Amino acid sequence: YQEQARASYFSLGGGIAYFVPSEKDIFFMTGVWYWSKKAFIPYASAGYGNFQFGVSYDIASARITGASLRQNIVEFSLIFRGSRPEGSFIPCPWK
């Protein structure tokens, strides 16, 4: 749940990853999120080592207040993940 200025919304979703058995540093991920009666957001990514590249597409399900047209947005992400310290409390599935 988030609140900014006069807008409040929630998002709910999840994803699943597939790790290539013969290459422990390679994985593929897909997921979908729902954003407060406004959009569905499918997501796909691929990772190698400490890097992950993703793409998502916001599919508007209702008019966004103040917008004259339906807003469908493509987003790209590049994520760098550091190594997990030995004995860390929270396990990280990709390091």
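Let me begin by describing the structure that accompanies this report. (Residues numbered from 1 in each chain as written. Predicted model: local features only at pLDDT ≥ 70, side-chain atom pairs only at ≥ 80, totals over all residues. Heavy atoms only, no water.)

Another point: the overall build of the protein. When helices and strands are counted, the protein shows zero helices and seven strands. Ordered by position from N to C terminus, the α and β elements of the protein give β-β-β-β-β-β-β. Taken across its 95 residues, the protein has 18% of its residues classed as buried. Looking at the protein alone, contacts between residues at least 24 apart form 20% of all its contacts between residues at least 6 apart. Taken as a whole, the protein presents about 7400 Å² of accessible surface, with 62% of it coming from carbon and sulfur. (Helix = DSSP H or I, 4+ residues; strand = E, 2+ residues; numbered from the N terminus. Buried < 20%, exposed > 50% of the residue type's maximum accessible area, 1.4 Å probe, protein only. Contact = heavy atoms within 4.5 Å. Areas by Shrake-Rupley, 256 points an atom, 1.4 Å probe, with all protein chains shown as cover.)

Regular strands place side chains that alternate from one sheet face to the opposite one. Taken together, the nine bridges between strand E3 (residues 11-19) and strand E4 (residues 26-35) define a ladder with antiparallel strand orientation. By the bridge assignment, Phe-19 is partnered in E4 with Phe-27. In textbook terms, the turn of a hairpin is the stretch between consecutive antiparallel strands, and for E3 and E4 this stretch comprises six residues. (Pairing = 2+ DSSP bridges.)

The subject of this paragraph is the pairing of strand E6 (residues 51-60). The alternating pattern of E6 places Gln-52, Gly-54, Ser-56, Asp-58 and Ala-60 on a buried face, while none of Phe-51, Phe-53, Val-55, Tyr-57 and Ile-59, on the opposite face, is buried. Pairing of strand E5 (residues 39-48) with E6 involves eight bridges; the strand directions are antiparallel. Following the sheet pairing, Tyr-48 is matched in E6 by Phe-51. Where E5 hands over to E6, the hairpin turn is made up of two residues, of which Gly-49 adopts a positive phi near 60°. Taken together, the eight bridges between E6 and strand E7 (residues 73-80) define a ladder with antiparallel strand orientation. Bridge assignment links Gln-52 to a residue of E7, and that residue is Ile-79.

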